[in-house]
Amino acid sequence: MIFEQILLQIFHNFNQERTISAPFHLLKGKRSGQTIQDVGIYHLHKFFSILPKLSRPHYDEKLNSLIEEHYLIVHDEGSYELTDSAREFVKDGEKYYFNGWYYRGNEHIFFARLSLIVQSLSHHGAGRMSFTPIQKDDHIQHWVRQFLLINQYKEGNLQKTLLDEIVGSLESSKVEERAKSIVINRLAGFQTAGLTWQQISYQENLSEMDVQLIYISTLHSWITQISNHPEQYLLLNQLAKDIRVVIPLSGSAHQTAELFRKGYLIEEISHIRRLKVSTIEDHIVEIAMNDPDFSIEQFISKEDIKKVMTAVDDYNTRKLKILHEVVPHLSYFQIRLVLARGE
Amino acid sequence: MELEKVLQHHFGYTSFRPGQKEVIEQIVKGKDVIALLPTGMGKSLCYQLPGYIFNKPVLIISPLLSLMQDQVDQIKQLKEKRVVALNSFLNATQKKVTIQHLHQYRFIFISPEMLLQPQVQQKLNSMELSLIVVDEAHCISQWGFDFRPDYLRIGEVMDKANRPPILALSATATQKVLGDIESYLKMNEPFTFIHTVDRPNIHMGRVLFQNREEKLDWILEHVLETAGPGIIYTQSRSKTESISERLLQMGISTAAYHGGKDTLDRQFIQQQFIDGSLEWIVATNAFGMGVHKQNVRQIIHESIPSNVANYMQEIGRAGRDGKDALAILLFADGDDEFAKFVGIDDFPNEVHVDLYLEYRRRNESPSTMIQNGEISETAYRVLDYWMHQIHPNEVKHQLLTMKTDKIRAVEEVVNLIRTKSCMREKLVHYFGQNLMEKPSDCCECCGLDYHNIIQKRESFEQDETAVSWKKRLETILLGFS
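Being a predicted model, the structure only gives us computed values, none of them experimental.

### Thoughts on the sheet that holds strand 6 (residues 166–170) of chain B
Adjacent strands of a sheet pair through backbone hydrogen bonds, lying either parallel or antiparallel.
Residues and elements named next belong to chain B.
Part 1: Taking strand neighbours across the sheet as the criterion, the 7 strands line up as 3-4-2-5-6-1-7 in an open arrangement whose pairing is parallel. Each of the sheet's edge strands pairs with one partner strand only, and the pair in question is strand 3 (83–86) and strand 7 (191–194). Ignoring strand direction, the axes of neighbouring strands in this sheet form an average angle of 15 degrees.
Part 2: Contacts from helix 10 (residues 175–184) reach strand 1 (33–36), strand 6 and strand 7 within the one sheet, and its direction differs from that of strand 1 by about 150 degrees.

Structure representation (structure tokens):
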């Protein structure tokens with residue numbers, strides 16, 4: 001259900017201006033210029049890269065069931081439209097918080113750290129320091145070892161402090177109770193196995209996909225809660241370190257950003273980097289989207305920004321071609337900058 | 001030297017279990033040894049004890065990373081600190097330091113791929129070893145359970161004039177596999193100790209069906225009425241999911257297990273199965289190795305295994321505690337055709353050989369075939385190995401022979417199922433041994449009443465009251481101190 005709602009919500013935002021595959025690329029977090037720009041243009045930051053392992057057959061299967069249930073009508077030439085019942089249905093799914101753009105799958109690193117720390121502390125409490133670590137990744141194991149040493153686990157107070165922080169931070173997160181259960185059920189300890197996705201799905205009467213979506217959504221809210229109150233959650237805040245992507249720029253856009261900051265013009269950067277002007281413009285759009293301090297007024301006047309925004313509202317579209325017809329004196333690049341910035 | 005004294009001093013036992021002393025005596029004399037000992041019969045003591053007689057390191061090559069960690073942990077619990085595992089879990093610095101100090105350890109566990117690395121070989125060449133152990137040696141043979149082409153290269157590495165004795169260990173191997181072990185490891189007239197493969201406490205059932213669909217109903221009824229814990233083996237991932245789903249709906253605590261499950265899920269399932277909270281596992285053949293559970297009472301094969309060695313290995317997971325256990329094979333007409341199809345489906349063929357050559361000719365890495373979806377990873381590993389060993393035309397021939405052999409292997413399983421004499425006798429013969437004695441309720445052919453072997457299922461009320469997340473977390477963190 002939740003997955004279907006998210007899909008419809010994405011289709012809704014795309015406003016029939018993108019192909020039927022666009023939501024798939026978005027959910028998988030495809031690092032292509034088109035997908036990245038769509039995130040900004042259609043305000044889809046939430047859903048970017050929340051399901052990196054989604055398979056095409058699975059996606060198509062869900063799409064077909066949406067069509068069968070008359071939420072989605074697909075026309076022969078590949079365009080589609082949402083039905084009225086879809087618009088109702090979408091509202092239900094909006095309660096789930098996602099922040100895919102900033103976490104990009106790193107929430108799994110946060111949880112891996114947490115799960116190994118909890119497993120270690122549980123065994124330490126039971127006086128059993130030899131056990132098979134539940135997380136196999138070297139970096140995670142190394143990180144957790146350092147964490148335990150720095151926080152002096154041998155003194156034996158860490159269990160209680162960590163418990164208080166987890167309970168406190170989860171209680172102040174705006175997440176339903178069952179979502180908290182799902183996350184905690186994935187933890188294991190001494191003589192306590194965690195629950196598998198299949199078991200949780202059976203217990204909660206949800207599909208495995210939905211359980212995993214709730215899990216990801218809960219981690220996103222939880223980590224945000226922790227990061228917003230670093231002084232309250234001293235331990236958890238260490239776990240949340242480097243989990244949020246600071247400036248999520250692609251490598252190439254990053255280089256362009258550096259040169260631009262040094263004062264080079266678009267044409268000069270194009271020359272230096274031996275890339276097409278249009279590519280450098282793509283980068284600038286990406287920067288505008290990601291860096292709130294980046295002023296787009298160096299490329300387009302306040303007045304023109306207003307004109308574009310009015311056109312978006314009047315014609316209810318974010319299609320460049322149509323907007324360009326309304327404000328023909330502006331370049332596509334300028335229009336995209338405005339769209340990237342949103343409001 | 002009295003071996004019993006060493007045993008008592010380092011391990012605290014007063015006597016050896018069958019086979020251990022014979023094997024160790026030969027090793028101490030410097031002979032190569034192949035030992036087939038069933039799981040749980042103290043295989044590891046066969047190399048641990050010599051470790052205290054020789055004052056040089058013992059090198060143990062082991063294919064399974066999880067198993068390796070288990071073994072290291074076990075040795076550490078015997079207060080032995082000079083033990084190390086050299087595998088891909090180590091980071092670059094750890095690896096470098098470990099290799100540098102390798103000669104200081106008493107027991108060195110190593111994975112085959114690590115063994116093949118130049119810096120490891122260089123170090124090994126510069127030091128003296130007392131013994132080389134090849135654990136799960138059947139993996140070296142295409143005909144053994146769980147073939148690993150990497151293992152074939154061990155022989156190349158170990159081929160030195162003054163090498164120490166080699167000890168090859170396995171739980172199950174046919175004559176053919178034994179031959180492969182001896183020749184691929186280039187062993188020198190090895191002493192062979194074979195414990196009987198027969199497991200008298202495992203009783204062998206068989207049920208025939210007209211068509212495949214009837215099996216599911218049979219399973220549901222059987223599982224509802226008889227007691228586990230048990231494992232249901234089936235062929236495909238999707239089947240593990242669908243069967244387990246049905247069992248769950250009937251209130252039987254069950255989990256599906258296959259190679260596609262995420263790593264946390266797999267560990268949770270193993271742990272729950274061992275601690276008794278799961279009654280049944282529905283699994284592909286990915287489940288089993290390294291799972292130490294003593295009281296498995298039933299094994300059900302929903303689809304037929306691809307060869308007799310796999311069958312033996314899989315039913316061998318029952319009754320490790322020595323108490324009675326039941327293994328039932330379900331067979332419907334057409335199952336054999338399906339098993340043959342699955343067996344050769346994931347196997348390289350002539351077209352792949354040509355493709356491989358084509359990539360080479362274009363100076364591209366042939367492994368690109370995997371990314372391009374032209375071959376599966378498993379099939380590629382087999383192909384790649386042979387392309388490095390023999391001429392391409394011979395490879396085609398070789399693959400064809402292997403394919404025919406695979407089909408024959410399925411037919412051998414079918415013969416075992418279709419036999420009208422004794423299934424146990426047939427199974428033991430297959431491993432080149434003779435059956436000395438038949439237990440009562442021996443097998444479906446000799447007469448077998450399931451009720452003599454397994455209990456009725458007590459439908460115990462599952463504790464449905466889910467604990468709150470706070471309570472659960474508190475128990476994990478504070479409950480055991």
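### Things to note about the interface of chain B and chain A
Part 1: With 36 residues of chain B at the interface, the matching set in chain A holds 44 residues.
Part 2: Of the roughly 3500 Å² buried between chain B and chain A on both sides combined, carbon and sulfur atoms contribute 58%.
Part 3: When the buried area of chain B at its contact with chain A is split by residue, B:Trp469, B:Arg472 and B:Leu477 rank highest and sum to 23% of it.
Part 4: Put simply, chain B and chain A have 3 salt bridges between them.
Part 5: Salt-bridge contacts for B:Asp262 lead to A:Arg186; the nearest nitrogen and oxygen are separated by 3.4 Å.
Part 6: Inspection of the region where chain B meets chain A yields 18 residue pairs in polar contact (both at pLDDT 80 or more).
Part 7: For the side of chain B that touches chain A, the elements supplying multiple residues, two or more each, are helix 4 (65–77), helix 12 (237–249), strand 10 (254–257), helix 13 (263–275) and helix 22 (469–478) of chain B.
Part 8: With 8 residues, helix 22 of chain B is the single largest residue contributor to the side of chain B that touches chain A.

### Looking at the environment of A:Thr132
Part 1: Counting through the fold element by element, A:Thr132 comes out in the loop between helix 7 (107–125) and helix 8 (138–150).
Part 2: Taking the C-alpha atoms as reference points, A:Thr132 and A:Ser120, separated by 12 residues in sequence, lie 9.8 Å from one another.
Part 3: Sequence-distant contacts of A:Thr132, that is, excluding residues within four places in its chain, are made with A:Gln119 and B:Asp70.

### As for a negative patch on the surface
Residues and elements named next belong to chain B.
Part 1: Taken together, Glu 213, Glu 214, Asp 217, Glu 221 and Glu 225 make up a surface patch of like negative charges.
Part 2: Summarising the element assignment, Glu 225 is placed in helix 11 (residues 214–225).
Part 3: A residue is classified by how much of its surface remains accessible, and Glu 225, at 48% relative accessible area, is partly exposed.

### Observations concerning the pairing of strand 9 (residues 230–233) of chain B
Residue and element names in this part refer to chain B.
Part 1: Neither face of strand 9 is open: one carries Gly 230 and Ile 232, the other Ile 231 and Tyr 233, and all of them are buried.
Part 2: When strand 9 meets strand 11 (residues 280–283), the two strands line up parallel, connected through 4 bridges. Each residue of the ladder has a partner; that of Ile 232, found in strand 11, is Val 282.
Part 3: Strand direction decides the pairing type here: strand 9 and strand 12 (residues 298–301), joined by 4 bridges, are parallel. Across the sheet, Gly 230 pairs through a bridge with Gln 298, a residue of strand 12.

### Comments concerning the domain arrangement of chain A
Part 1: We note that the domain assignment places domain 1 (2–95), domain 2 (107–239) and domain 3 (251–341) within chain A.
Part 2: Between domain 2 of chain A and domain 3 of chain A, the C-alpha centre-to-centre distance is 42 Å.

### Brief notes about the domain arrangement of chain B
All names here are of chain B.
Part 1: As assigned here, chain B comprises domain 1 (3–194) and domain 2 (198–460).
Part 2: Averaged C-alpha coordinates put domain 1 and domain 2 at centres separated by 27 Å.
Part 3: Listed as interface residues are 22 residues of domain 1 and, on the opposing side, 24 residues of domain 2.
Part 4: Between domain 1 and domain 2 lies a buried interface of about 2000 Å² when both sides are counted; carbon and sulfur atoms form 62% of it.
Part 5: Counting every contact that joins domain 1 to domain 2 gives 1 salt bridge.
Part 6: The salt bridge partner of Lys 176 is Asp 405, with a shortest N-O separation of 3.8 Å.
Part 7: In terms of residue count, helix 10 provides more of the side of domain 1 that touches domain 2 than any other element does, 3 residues in total.

### Notes on unusual backbone geometry
Part 1: Omega for the peptide link from B:Gly228 to B:Pro229 comes to -10 degrees, which places this bond in the cis form.
Part 2: Relative to the helices and strands, B:Pro229 resides in the loop between helix 11 and strand 9.
Part 3: One non-glycine residue with positive phi stands out, namely A:His70, at about 60 degrees.
Part 4: Tracing the sequence through the fold places A:His70 in the loop between helix 4 (56–68) and strand 1 (72–74).
Part 5: Residue classification places A:His70 among the exposed positions, given a relative accessible area of 57%.
Part 6: For A:Gln152, which is not a glycine, the phi torsion comes out positive at approximately 50 degrees.
Part 7: Relative to the elements of secondary structure, A:Gln152 occurs in the loop between helix 8 and helix 9 (158–172).
Part 8: Looking at A:Gln152, the relative accessible area reads 48%, which means it is partly exposed.

### Some remarks on the sheet that holds strand 12 of chain B
All names here are of chain B.
Part 1: Taken in spatial order, the 6 strands line up as 8-13-12-9-11-10 in an open sheet, and their pairing is parallel. At either margin of the open sheet sits one strand with a lone partner, and together these are strand 8 (202–209) and strand 10. Here the average twist between neighbouring strands, direction ignored, is 15 degrees.
Part 2: Docked against the sheet, helix 11 engages strand 8, strand 9, strand 11, strand 12 and strand 13 (325–332), running at close to 160 degrees with respect to strand 13.

### Overview of a nonpolar patch on the surface
All names here are of chain A.
Part 1: On the surface, Tyr 315, Ile 322 and Val 326 cluster together into a nonpolar patch covering about 250 Å² of accessible area.
Part 2: Relative to the helices and strands, Val 326 resides in helix 18 (residues 320–326).
Part 3: Of the residues examined, Val 326 reaches a relative accessible area of 32% and is grouped as partly exposed.

### Thoughts on the pattern of salt bridges
Residue and element names in this part refer to chain A.
Part 1: Enumeration according to the criterion identifies 33 salt bridges over all chains in this entry.
Part 2: A salt bridge links Glu 258 to Arg 261, with the shortest nitrogen-to-oxygen separation between them at 3.8 Å. Residue Glu 258 and its partner Arg 261 are both found in helix 14 (residues 251–261); the two are separated by 3 residues, about one turn of the helix.
Part 3: A relative accessible area of 35% places Glu 258 in the partly exposed class.

### Examining the pairing of strand 8 of chain B
Residues and elements named next belong to chain B.
Part 1: Across the 8 residues that make up strand 8, a large majority, 7, are buried.
Part 2: In the sheet, strand 8 pairs with strand 13 via 8 bridges, with the strands oriented parallel. Looking at strand 13, one finds that Leu 208 is bridged to Phe 331.

### Points about the side chain of A:Arg318
Residue and element names in this part refer to chain A.
Part 1: By the element assignment, Arg 318 lies in the loop between helix 17 (302–315) and helix 18.
Part 2: Although Arg 318 is buried, it makes no salt bridge; Glu 17 carries the closest opposite charge, 6.8 Å away.
Part 3: Ignoring anything within four residues of it in the chain, the contact list for Arg 318 reads Glu 17, Ile 41, Tyr 42, His 43, Val 312, Leu 323 and Leu 339.

### Description of the environment of A:Gly78
Residues and elements named next belong to chain A.
Part 1: Mapped onto the elements of the fold, Gly 78 is located in the loop between strand 1 and strand 2 (80–82).
Part 2: On the accessibility criterion, Gly 78 (36% relative accessible area) is partly exposed.
Part 3: For Gly 78 and Asn 13, which are 65 residues apart along the polypeptide, the C-alpha to C-alpha distance reads 17 Å.

### Describing the packing of aromatic side chains
Part 1: Taken as a whole, this structure holds 19 aromatic pairs over all chains when the rule is applied.
Part 2: Ring centres of B:Phe11 and B:Tyr52 lie 6.0 Å apart, and the angle between their planes is 80 degrees; this geometry places the pair in the edge-to-face category. With B:Phe11 in helix 1 (residues 3–11) and B:Tyr52 in helix 3 (residues 45–53), the pair connects residues that are 41 residues apart, well separated along the chain. Of the two residues, B:Phe11 and B:Tyr52, both sit in the buried class.
Part 3: One aromatic cluster in this structure is built from A:Phe111, A:Trp197 and A:Tyr215.

### Regarding helix 16 (residues 277–290) of chain A
All names here are of chain A.
Part 1: When the terminal C-alpha atoms of helix 16 are compared, their 20 Å separation across 14 residues agrees well with the 20 Å that a helix rising 1.5 Å per residue should span.
Part 2: Within helix 16, burial applies to Ile 280, His 283, Ile 284, Val 285, Glu 286, Ile 287, Ala 288, Met 289 and Asn 290.
Part 3: Where the residues of helix 16 are buried, they touch helix 3 (33–41), helix 6 (100–103), helix 14, helix 15 (266–273) and helix 19 (332–341).

Thresholds applied
Residues numbered from 1 in each chain as written. Chains lettered and ligands numbered in written order. Predicted model: local features only at pLDDT ≥ 70, side-chain atom pairs only at ≥ 80, totals over all residues. Heavy atoms only, no water. Pairing = 2+ DSSP bridges. Helix = DSSP H or I, 4+ residues; strand = E, 2+ residues; numbered from the N terminus. Axes fitted to C-alpha atoms, helices over the stretch in contact; angles between N-to-C directions. Contact = heavy atoms within 4.5 Å. Buried area = accessible area lost by both parts, 1.4 Å probe. Salt bridge = Lys/Arg side-chain N within 4 Å of Asp/Glu carboxyl O. Polar contact = N/O pair within 3.5 Å; in protein donor to acceptor, adjacent residues only side chain to side chain. Patch = residues over 30% accessible without salt bridge, like charges linked within 9 Å, V, L, I, M, F, W, Y side chains within 5 Å. Areas by Shrake-Rupley, 256 points an atom, 1.4 Å probe, with all protein chains shown as cover. Lys, Arg positive; Asp, Glu negative; His and termini not counted. Charge placed at Lys NZ, Arg CZ, Asp CG, Glu CD. Buried < 20%, exposed > 50% of the residue type's maximum accessible area, 1.4 Å probe, protein only. Domains from an automatic or database assignment. Phe/Tyr/Trp six-rings, centres within 6.5 Å; stacked < 30°, edge-to-face > 60°. Expected span 1.5 Å × (residues − 1).

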